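Here are the chains, one letter per residue:
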Amino acid sequence: MGAARPIGAGEPLVRLDDVHKWFGNLHVLKGVDLAMVQRDVVVVVGPSGGGKSTLLRCVSLLEVPTSGRVFFEDRNITDIRTNLNEVRTHIGIVFQAYNLFPHMTTLRNVTLALEKVLGLSDDEAHDRAMEQLARVGMGHKASVYPGQLSGGQQQRVAIARALAMEPKVMLFDEVTSALDPELVGEVLEVMTRLAVEGMTMMVVTHEMGFAREVGTRMLFLDEGRIAEEGEPKEMFYHPQSDRLRQFLAKVL
């Protein structure tokens, strides 16, 4: 397949060239080309099992592509000489499971990586963590433990933890799918605000309203391939393929 076409203007921040991923005999990604520039909000939608989460994990190299290349800021991070730990400090990722440490306060969950990975002092880590907790509306819960928080609150803490590393791109992997319906909105509100502030984001989601209204570009991933891509509203109202029409008919 050809080189990925940058989304929007400027040099790609993230680029995937002909990425394939196999798990044993299962061919999950089948030649994905993708490019994201700064301030892009790329939403990835599609049926379960289509490869959406695997695609997102390949961007951060939590899953190493079987073949193909991943570039971050024009560096081939699939090169074995790449310092992945350094690269990952620039890529924030939030999962469906909150992955907070239950024995640590909200504040300590955020400061831990700042001290251990970035080497910030206690005071620096505290100030940055409190700033990001306030950013997601959780500053008043700094001394509380995760078990005392709702699912939506825990997910906002997980977002604050990722933001505190000051990443250049944020990856969200179906972060609302485990939440009770009444809690989904508070997390989407935080993500919408990040998009407005200019955060570069890739969002795997089943929240079609968010995809339509907040995304700058949408990818419809089906059976490991990008079956259709474009401006979200255009894809929702004027899908080009029968497969996307069938998918939208089921989820809208």
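Presented here is an overview of the structure given in this document. (Residues numbered from 1 in each chain as written. Predicted model: local features only at pLDDT ≥ 70, side-chain atom pairs only at ≥ 80, totals over all residues. Heavy atoms only, no water.)

## With respect to the environment of A227
- Note on placement: A227 falls in strand 10 (residues 225-230).
- With sequence-adjacent residues up to four places away left out, A227 is seen in contact with F220 and D222. (Helix = DSSP H or I, 4+ residues; strand = E, 2+ residues; numbered from the N terminus. Contact = heavy atoms within 4.5 Å.)

## Let's talk about the nonpolar core
- Among the nonpolar cores identified, the biggest contains 52 residues, and V94, L133, I159, M170, F172, M191 and M201 are the most heavily contacted of them.
- The greatest single-element share of this core, amounting to eight residues, is contributed by helix 6 (residues 181-196).
- Contacts of F172, omitting those with residues within four sequence positions, involve L56, V94, I159, M191, L194, M201, M202, V203 and V204.
- The next biggest cluster of nonpolar side chains, apart from the first, holds 27 residues, and it includes V14, L56, V59 and L219. (Core = buried A, V, L, I, M, F, W, Y, C linked by side-chain atoms within 4.5 Å. Buried < 20%, exposed > 50% of the residue type's maximum accessible area, 1.4 Å probe, protein only.)

## What about the sheet that holds strand 4 (residues 67-72)?
- With antiparallel pairing, the four strands of this open sheet are ordered in space as 2-1-4-5. Edge positions in the sheet fall to strand 2 (26-36) and strand 5 (75-76), since each of these pairs with one other strand and no more.
- Here two bridges tie strand 4 to strand 5, and the two strands are oriented antiparallel to one another. From the neighbouring strand, F71 faces strand 5, where its bridge partner is N76.
- Contacts between helix 1 (residues 52-59) and the sheet are confined to strand 1 (14-23), strand 2 and strand 4, with strand 1 contributing the most and set at about 125 degrees to the helix. (Pairing = 2+ DSSP bridges. Axes fitted to C-alpha atoms, helices over the stretch in contact; angles between N-to-C directions.)

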